[in-house]
Number of protein chains: 2
Amino acid sequence: MRKVHQNPDNCAVVRTMGYIGGKWKPIVLIRILTGVKVRFGKLAVQMPDISRKILAQQLRELEEDGLIIRHSYMEKPPRVEYELSELGKTLIPVLKAMHDWGAQMEDPAKRSTWEPIIP
Amino acid sequence: MRKVHQNPDNCAVVRTMGYIGGKWKPIVLIRILTGVKVRFGKLAVQMPDISRKILAQQLRELEEDGLIIRHSYMEKPPRVEYELSELGKTLIPVLKAMHDWGAQMEDPAKRSTWEPIIP
DNA sequence: GCCTTTAGTTACAACAAGGTAACCAGGAAT
DNA sequence: ATTCCTGGTTACCTTGTTGTAACTAAAGGC
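Fair warning: this is a prediction, and the values are worked out from it, not measured in the lab. (Residues numbered from 1 in each chain as written. Chains lettered and ligands numbered in written order. Predicted model: local features only at pLDDT ≥ 70, side-chain atom pairs only at ≥ 80, totals over all residues. Heavy atoms only, no water.)

Observations concerning the relation of the copies chain B and chain A
Under the fitted operation, chain B is carried onto chain A by 0.0 Å of movement along the axis and a turn of 180 degrees, and the coordinates agree to an RMSD of 0.1 Å. A rotation of that kind, with that shift, is consistent with a two-fold axis. The overlap is high: 100% of the interface residues of chain B also sit at the interface in chain A, so the same surface is used on both sides. (Least-squares fit on C-alpha atoms with pLDDT ≥ 70 in both. Contact = heavy atoms within 4.5 Å.)

With respect to helix H6 (residues 92-106) of chain A
Compared with an ideal rise of 1.5 Å per residue, which puts 15 residues at 21 Å, H6 of chain A spans 21 Å between its outermost C-alpha atoms and is within 8% of the ideal. Among the residues of H6 of chain A, Ile92, Val94, Leu95, Ala97, Met98, His99, Trp101, Gly102 and Ala103 of chain A are the ones counted as buried. (Helix = DSSP H or I, 4+ residues; strand = E, 2+ residues; numbered from the N terminus. Expected span 1.5 Å × (residues − 1). Buried < 20%, exposed > 50% of the residue type's maximum accessible area, 1.4 Å probe, protein only.)

Looking at the sheet that holds strand E2 (residues 68-73) of chain A
All names here are of chain A. As summarised here, the arrangement of the 3 strands in space is E1-E3-E2, forming an open sheet in which the pairing is antiparallel. Every other strand in the sheet has two partners, leaving strand E1 (38-39) and E2 as the edge strands with one partner each. When E2 meets strand E3 (residues 79-84), the two strands line up antiparallel, connected through 6 bridges. Within E3, the position partnered with His71 by the bridge is Glu81. (Pairing = 2+ DSSP bridges.)

Remarks on the interface of chain B and chain A
Taken together, the 32 residues of chain B in the interface contact 32 residues of chain A. For the chain B and chain A pair, buried surface summed over both sides reaches about 3,100 Å², with 73% attributable to carbon and sulfur atoms. Counting the contacts that link chain B with chain A gives 0 salt bridges. Only helix H1 (12-20), helix H2 (25-32) and helix H6 (92-106) of chain B provide two or more residues apiece to the side of chain B that touches chain A. (Buried area = accessible area lost by both parts, 1.4 Å probe. Salt bridge = Lys/Arg side-chain N within 4 Å of Asp/Glu carboxyl O.)

Points about the confidence of the model for chain A
All names here are of chain A. Here chain A averages 86 in pLDDT, while 86% of its residues score no lower than 70. The secondary structure element of chain A with the lowest average pLDDT is helix H1 (residues 12-20), at 89, and the one with the highest is E3, at 97. Across residues 115-119, where pLDDT falls below 50, the model places 8 contacts with residues more than four positions away in sequence or in other chains. (pLDDT = per-residue confidence, 0-100.)

Focus on the protein's contact with DNA strand C
Near DNA strand C there are 22 residues, and of these Lys3 and Lys53 of chain A together with Arg70, Pro78 and Tyr82 of chain B occur at the shortest range. Sugar and phosphate atoms form 75% of the subset of DNA strand C atoms that lie within 4 Å of the protein. Here a phosphate oxygen of DNA strand C and a backbone polar atom of Lys23 of chain A are 3.4 Å apart. Within the backbone of Pro78 of chain B, a nitrogen or oxygen atom sits 2.9 Å from a sugar or linking oxygen of DNA strand C. Residue assignment for the surface near DNA strand C shows that the elements contributing at least two residues are helix H4 (52-64) of chain A together with helix H3 (40-46), helix H4 (52-64) and strand E3 (79-84) of chain B. A per-class count over the surface near DNA strand C returns 10 nonpolar, 3 polar and 9 charged. (Near = heavy atom within 4 Å. Polar contact = N/O pair within 3.5 Å; in protein donor to acceptor, adjacent residues only side chain to side chain. Nonpolar A, V, L, I, M, F, W, Y, C, P; charged D, E, K, R; others polar.)

Comments concerning the nonpolar core
Ranked by size, the top nonpolar core spans 67 residues in total, and within it Val28, Leu55 and Leu59 of chain A together with Val28 of chain B carry the most contacts. Not counting residues up to four positions away in its chain, the partners in contact with Val28 of chain B are Met47, Ile50, Leu55, Leu59 and Leu62 of chain B. (Core = buried A, V, L, I, M, F, W, Y, C linked by side-chain atoms within 4.5 Å.)

Brief notes about the packing of aromatic side chains
Aromatic ring pairs are defined here through the distance separating the ring centres and the angle between the ring planes. Tallied over the entire structure, the rule returns 2 aromatic pairs over all chains. Their ring planes at 80 degrees and their centres at 5.1 Å tell us that Tyr19 of chain A and Trp101 of chain B sit as a pair that is edge-to-face. Of this pair, Tyr19 of chain A sits in helix H1 while Trp101 of chain B sits in helix H6, on two different chains. Taking NZ or CZ as reference, Arg79 of chain A lies 4.0 Å from the ring centre of Tyr73 of chain A, over its face. (Phe/Tyr/Trp six-rings, centres within 6.5 Å; stacked < 30°, edge-to-face > 60°. Lys NZ or Arg CZ within 6 Å of the ring centre and 35° of its normal.)

Description of the packing of H1 of chain A against H6 of chain B
Direction vectors running N to C along H1 of chain A and H6 of chain B enclose 90 degrees, while the axes themselves pass 7 Å from each other. Taken together, the axes of H1 of chain A and H6 of chain B are roughly perpendicular relative to one another. Contacts between H1 of chain A and H6 of chain B involve Ala12, Val13, Arg15, Thr16, Met17 and Tyr19 of chain A from the former and Met98, His99, Trp101, Gly102, Ala103, Met105 and Glu106 of chain B from the latter. Classifying every residue of the contact of H1 of chain A with H6 of chain B by side-chain character gives 8 nonpolar, 3 polar and 2 charged. (Axes fitted to C-alpha atoms, helices over the stretch in contact; angles between N-to-C directions. Parallel < 35°, antiparallel > 145°, perpendicular 65-115°, else oblique.)

Here we look at the pattern of salt bridges
Overall, the coordinates contain 10 salt bridges over all chains when judged by the stated rule. Of the charged contacts, one joins Arg79 of chain B and Glu75 of chain B as a salt bridge, the two residues approaching to 3.0 Å between their closest N and O atoms. Residue classification places Arg79 of chain B among the partly exposed positions, given a relative accessible area of 22%. A salt bridge links Arg79 of chain B to Glu81 of chain B; the shortest N-O distance between them is 3.2 Å. According to the relative accessible area criterion, Glu81 of chain B is buried, its value standing at 13%. Each of Glu75, Arg79 and Glu81 of chain A takes part in salt bridges that share partners, so that together they form one network.

Now the structure itself:
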């Protein structure tokens, strides 16, 4: 179990942080929740500040936690696609709340770029 | 600026994480948002898993970020009380979304202990 | 005079997270 | 035969976060 998942208080908020806490997970999830399967390489290009190692690690943890689904096609060169699981979709309100708050903090006048395209 | 506040992507979700990310901040905020001023010592007792040093540090950062207000009375022994700022109150929907999701994950049947008592 | 109380701080140590660079497989294209 | 391509992994190192123990001030009670 990852350190971040230890939750001695058994507190709901701490539990949520165990799933989406960490520097990069929320943004990774936001990139994946477009509803379309996304390839690893495309994610890496969209988020140049995350090293590929960390991206791979975060994706693996999100998969272990059941928030995303990993589709691996047995091709060469390899092709791997990610999409939100049903459980992952239940996180959308949380991510949306986080997004909206952050967007407000940047500039109250700026309209949200949040566009959930969930099938 | 704390490392966690660096946001090269200028992403709203990452920005939010800069404020409430970290292992303890959401639970600290939850304890403070009752609407009543809370003393440092009471917070420390309520959250025995957070060392007093870390609690003090998190409170200082939350204050620097303008999410909470620190009232220090010039008494001996000292008395310090914390309360949510107006900006901090805007975080309530975010914290509530996080709380609800985490509560669901624990046990869908269990009813929420979330009871916002905001003046 | 000595002990208690509160809200911290400081120095130090331990650990977790994140980053870099190098490397891999194996089919397709050149 | 060599190079390119993708989606990783591994070893190693740096950075950031958390924890522990000891200490402080200054008033009040005994």
